[in-house]
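If you want the building blocks of each chain, they are given just below.
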Amino acid sequence: MSLVLYNDLTREREEFIPVRGGCVSFYSCGPTVYDYFHIGNARPFIVFDVLRRYLEHVGYKVTFVQNFTDIDDKMINRANSEGITVAQLAERFIEEYYRDADALGIRRATAAPRATEHMPEIIGMIEKIMSKGHAYQVKTPSRDGDVYFDVRSYAPYGKLSKQSIDELNAGARVEVGEVKRDPLDFALWKAEKPGEPSWDSPWGKGRPGWHIECSAMSSKYLGETIDIHSGGVDLTFPHHENEVAQSEAATGKPFVKYWLHNGFLLIDKEKMSKSLGNFMTVRAAREKYPPLAIRLFMLSAHYRSPINFAPEGLEQAMGGVTRLRNCWSDLLHARDNRVGEGDITSFIEELKRLDARFYEAMDDDFNTAAAVGVLFEIVKLVNTWLKQERLPAGFFQAAEDELRQLDDILGVIGIEKSDDSEADEVERLIEERDAARKARDFAFSDKIRDDLLARGIVLEDTPQGTKWKRKLA
Ligand code: AMP
Ligand code: ZN
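Cut-offs used in this document
Residues numbered from 1 in each chain as written. Chains lettered and ligands numbered in written order. Predicted model: local features only at pLDDT ≥ 70, side-chain atom pairs only at ≥ 80, totals over all residues. Heavy atoms only, no water. Helix = DSSP H or I, 4+ residues; strand = E, 2+ residues; numbered from the N terminus. Rg over C-alpha atoms; globule rule 2.2 N^0.38 Å. Buried < 20%, exposed > 50% of the residue type's maximum accessible area, 1.4 Å probe, protein only. Contact = heavy atoms within 4.5 Å. Areas by Shrake-Rupley, 256 points an atom, 1.4 Å probe, with all protein chains shown as cover. Lys, Arg positive; Asp, Glu negative; His and termini not counted. Charge placed at Lys NZ, Arg CZ, Asp CG, Glu CD. Pairing = 2+ DSSP bridges. Axes fitted to C-alpha atoms, helices over the stretch in contact; angles between N-to-C directions. Parallel < 35°, antiparallel > 145°, perpendicular 65-115°, else oblique. Left-handed = near helix turned anticlockwise from the far one by under 90°. Nonpolar A, V, L, I, M, F, W, Y, C, P; charged D, E, K, R; others polar. Donors = N, O, S within 2.8 Å, 3.2 Å for Na, K, Ca; no water. Near = heavy atom within 4 Å. Polar contact = N/O pair within 3.5 Å; in protein donor to acceptor, adjacent residues only side chain to side chain. Salt bridge = Lys/Arg side-chain N within 4 Å of Asp/Glu carboxyl O. Expected span 1.5 Å × (residues − 1). Arc of directions from axis to C-beta. Core = buried A, V, L, I, M, F, W, Y, C linked by side-chain atoms within 4.5 Å. Right-handed = clockwise from strand over helix to strand, strands pointing away.

Caption draft 1: Highlighting the overall build of the protein chain. Looking only at helices and strands, the protein chain features 15 helices and 15 strands. At 25 Å, the protein chain has a C-alpha radius of gyration in line with the 23 Å of a compact globule built from 473 residues. Expressed as lengths along the three principal axes of its C-alpha atoms, the size of the protein chain is roughly 90 × 60 × 45 Å. Within the protein chain, the proportion of its 473 residues that are buried is 52%. Within the protein chain, contacts between residues at least 6 apart in sequence are counted, and of these 75% link residues at least 24 apart. Looking at the protein chain as shown, the accessible area adds up to about 21100 Å², and 51% of this sits on carbon and sulfur atoms. For the protein chain, the separation between the mean place of its 63 positive charges and that of its 77 negative charges on side chains is 1 Å.

And the structure:
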């Protein structure tokens, strides 16, 4: 079977076929770094981390981009209230983002671009959109630097959120001071206001609108047409609708093949959000619940269903993590003390059956809820066999390999973080290889790589350093 994803663009389940063979381009909208992120924001970061891990696990080369929005009204207001610059505020909360995200086991993106570091790309894209007649500059005596996207000039507008321009118009509102041809038109560039950071542009000093940064950075790092773009369901309109319009108006090519949106994390039946004040930051949640439990909690639901953030759910997840970790440590302990003889044919058969069910679940629109269920069945199976006094080495090898493999995808047992002697050894060999390469001892560095390959471990050199993974059978 192959991976099927629910595509919000077509509202259909579709087989996942990347645009460029074995390489996957994946853009996920990242946080606005004006504060700590909350547990609702953590949902897309965790679930799409699992999709990315899964794609890598099954052998795709994934370029995963997640941006930082480091200039907007919220950034400006918060920086002003703290008496620091917007850049200082961004620096601080990007660092805080990584502290929480790393703790949650969210693998770092291949690239994590910031809007303020991409002004030439953003301006270039706006110019392209204008040159094709899809944007206009507002010139009034009071404001002459705003540039708007001309929604009426772009017929497919509304194709992602599945609404016509007229339907969407009914809900549109115009902010004070905005001079637009149509209430749905949205800012690509905003003329400078006193006291705000600004950049030079062909339309005078100003700053970009929010939506354009994702279009510009996506095309810079991933190309004009990408495979997957993801975010929370609240981003479908207007953010992602506007991204589609901007990118396709600029390039004339399809922007994204598969649009994926996660459901809301709710608290007392309402969306958790900063503006409603009903949020808990990940930083605060981590004081109450271990990160693995937060991860397991998120993955115990299908990513498109709403989930309710309640203490009972988190406590249940804590119990689940304890069961997983106990199984893993019992297994390691028994391997060191209780190797003997025995027939494990039926164990291997059952394990294979469960393993196939795990991958079936993941292939089914990465149904982590079902996959987590299978993981617990595997743990139950292993625990049952562990009751035997002696077990053959093959039992330990198979059980360990299985749990290690599944945790590479879900990251809920915490295997890669601790007690992973193999990972430690591979990391050490990678360091040795780096040292050998620096010393231009290529015979030795190649030998290390080849020896690892013979053990089924593939090294891949990336701009972020050398990565390793287990070769697929
Ligand atoms: P923001 O920083 O507000 O742009 O949000 C970052 C990401 O979190 C976006 O993908 C949002 O759609 C997502 N998000 C925000 N609130 C929630 C929530 N309560 N549940 C799930 N996702 C959310
Ligand atoms: Zn975005």
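There's more to say after this.
Caption draft 2: Structural view of the sheet that holds strand β7 (residues 186-191). One open sheet accounts for four strands, arranged β5-β6-β7-β8; its pairing is antiparallel. The open sheet is flanked by β5 (135-137) and β8 (206-208), the only strands paired with a single partner. Across the sheet, the axes of successive neighbouring strands diverge by a mean angle of 20 degrees, strand direction being ignored. Strand direction decides the pairing type here: β7 and β8, joined by three bridges, are antiparallel. Among the inter-strand pairings, W189 is bridged to a residue of β8, identified as P208.

Caption draft 3: Molecular detail of the packing of helix α4 (residues 119-131) against helix α7 (residues 236-251). Packing of α4 against α7 leaves a shortest axis separation of 8 Å and a crossing angle of 70 degrees. Classified by the angle their axes make, α4 and α7 are roughly perpendicular. Crossing angle aside, the handedness with which α4 passes α7 is left-handed. For the pair α4 and α7, contact is made by M125, K128 and I129 and by Q246, S247 and A250, respectively. Taken together, the residues of the contact of α4 with α7 break down into three nonpolar, two polar and one charged.

Caption draft 4: Main features of the sheet that holds strand β10 (residues 256-262). Pairing in this open sheet of four strands is parallel, and the strands run β4-β3-β9-β10 from one edge to the other. The sheet is open, and its two borders are formed by β4 (61-66) and β10, each paired with just one other strand. Across the sheet, the axes of successive neighbouring strands diverge by a mean angle of 20 degrees, strand direction being ignored. As paired strands, strand β3 (residues 23-28) and β4 are joined by six bridges and run parallel to one another. By the bridge assignment, Y27 is partnered in β4 with V65. Each of β3, β4, β9 (226-232) and β10 touches helix α1 (residues 39-57); the most contacted strand, β10, lies at about 135 degrees to it. Strands β3, β4 and β9 of the sheet are contacted by helix α6 (residues 210-222), whose axis makes an angle of about 160 degrees with β3.

Caption draft 5: Seen up close, the coordination of the zinc ion (ligand 2). Listed as protein donors to the zinc ion (ligand 2) are C29 (SG), C214 (SG) and H239 (NE2); their distances from the metal cover 2.0 to 2.2 Å. One chain supplies every donor for the zinc ion (ligand 2), spaced along it as C-x184-C-x24-H. Here the residue C214 occupies a position in helix α6, and H239 occupies one in helix α7, the gap between them amounting to 25 residues. The two residues C214 and H239 agree in class, both being buried.

Caption draft 6: Highlighting the site of ligand 1. Neighbouring ligand 1 are 16 residues; G40, G232, D234, L265 and M272 lie closest to it. Contact between ligand 1 and L265: a nitrogen atom at 2.7 Å from a main-chain N or O atom of the residue. Here a nitrogen atom of ligand 1 sits 2.8 Å away from a polar atom, N or O, in the main chain of M272. If ligand 1 stood free it would expose 490 Å²; the protein chains cover 91% of that surface. Counting only elements with at least two residues in the shell around ligand 1, the list comes to α1 and β9. For the shell around ligand 1, the class distribution of residues is six nonpolar, eight polar and two charged.

Caption draft 7: Structural context of the pattern of salt bridges. The tally for this structure, following the rule as stated, stands at 40 salt bridges. Here E96 ties to R283 by a salt bridge, and the two come within 2.9 Å at their closest N and O atoms. Residue E96 is found in helix α3 (residues 86-103), and its partner R283 is found in helix α8 (residues 282-288); the two are separated by 187 residues along the sequence. With a closest N to O distance of 3.1 Å, K205 and D200 form a salt bridge. When its relative accessible area of 40% is taken as the criterion, K205 is described as partly exposed. It is possible to trace a salt-bridge network through shared partners that takes in E96, R99, D100, R283 and R286.

Caption draft 8: Quick peek at α4. Between the first and last C-alpha of α4 there are 18 Å, a value that for 13 residues agrees with the 18 Å anticipated at 1.5 Å per step. Buried residues of α4: M119, I122, I123, M125, I126 and I129, and no others. Buried residues of α4 fall within an arc of 160 degrees about the axis and therefore sit on the same side. Exposed and facing more than 90 degrees away from the buried side of α4 are P120 and S131. Residues of α4 that are buried sit in contact with β5, β6 (147-149), β7, β8, α6 and α7.

Caption draft 9: Just the nonpolar core, in detail. Ranked by internal contacts, the top residues of the largest apolar core, which has 98 residues, are I228, F347, F395 and L403. Take this core: its biggest share by element is eleven residues, from helix α12 (residues 368-386). In this structure, L403 is in contact with C327, W328, L331, L375, I378, V379, I413 and I415, ignoring residues within four places of it in sequence. Residues M119, I126, V151 and Y157 belong to the second largest nonpolar core, which totals 24 residues.

Caption draft 10: Local environment of the pairing of β10. Burial runs high along β10: six of the seven residues are buried. The pairing of β9 with β10 spans six bridges and is classified as parallel. Opposite H229, over in β10, you have W259 as the bridge partner. For the crossover from β9 across α7 to β10, the handedness is right-handed.

The values reported here are purely geometric and, on their own, carry no functional implication.
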